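Now for the letters of each chain:
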Amino acid sequence: MRTIVVIILFIFSSCAKKEDQKFTVNETKVQKTERTSNFQKINYSLRYNYRDSLGKHINPNKNYQYWQYATYHAGIDGKTKYTVLKQGGDLSLRKKINEKFNPDYSVGISQGGHPSFRCNYISIIDNQKIIYLKTFEEFRDFLGTIDNLEEAILLAETYGYKLDNDIEGSEYKKLQNGYELHLAKYNEFPRYKEIVDIVINKDGFIKTKSLGISCEGQDCYD
């Protein structure tokens, strides 16, 4: 009988410990009053495709024969639009780049949209060979040294950190050897938005620290 009592007490004790360890995202909710005044707002609006503007500040890691940062948009009306946002090198080589859409071109920078489709991508000509960057890693190598805030934001986006409507997830500070950003990271299941402090050195090295959960569930749709 005594043995049975001991076993029951052990089971209740184990359940209590598990309950104490249960994590809820509310425990790390971001407080807007915790913002520091030495950060500045990132002046790009989510109302527009800010990646178009960010790409206009790209400085590649080396001198290519030719390179371009372009956008492709396929509307629901069936019309398509291809636009070169920035290019460099021998501009006469631009005609060698295929302007017709190919899904392989869209990987590596950004893509999305439904039912319409939009993507931003980079094409280069190097040693007489046409190359379409297809992965985030290739894009990071293409950027090389982080020369400005826009490149820092683009680099952060390749790791899943994005600009947000709230200033707590859309601010930056210039450092001696790079930038410190406060951006948002979204999770779908369960749905919540996390604010992250990101330090990016000029050499592209990235260091992150969570600042807590900004919203969860239905609040993240508002």
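Small disclaimer: the values here were computed from a predicted structure and weren't measured.

(A) Quick peek at the overall build of the protein. Along the protein, the regular secondary structure elements total four helices and ten strands. Starting at the N terminus and walking to the C terminus, you meet the elements of the protein as α-β-α-β-β-β-β-β-α-α-β-β-β-β. Residues classed as buried in the protein amount to 39% of the 222 residues present. Partitioning the intrachain contacts of the protein with sequence separation of at least 6 by distance along the chain shows that 55% fall at a separation of at least 24.

(B) Spatial organisation of unusual backbone geometry. Of the consecutive residues Phe189 and Pro190, the connecting peptide bond is found in the cis state with omega at -5°. Despite not being glycine, Asn127 shows a phi value in the positive range, around 55°. Assessed through its relative accessible area of 66%, Asn127 is described here as exposed. The backbone phi angle of Gln128 is positive, close to 65°, even though this residue is not glycine. Take Gln128: it is sitting in the loop between β5 (117-126) and β6 (129-132).

Criteria and cut-off values
Residues numbered from 1 in each chain as written. Predicted model: local features only at pLDDT ≥ 70, side-chain atom pairs only at ≥ 80, totals over all residues. Heavy atoms only, no water. Helix = DSSP H or I, 4+ residues; strand = E, 2+ residues; numbered from the N terminus. Buried < 20%, exposed > 50% of the residue type's maximum accessible area, 1.4 Å probe, protein only. Contact = heavy atoms within 4.5 Å.

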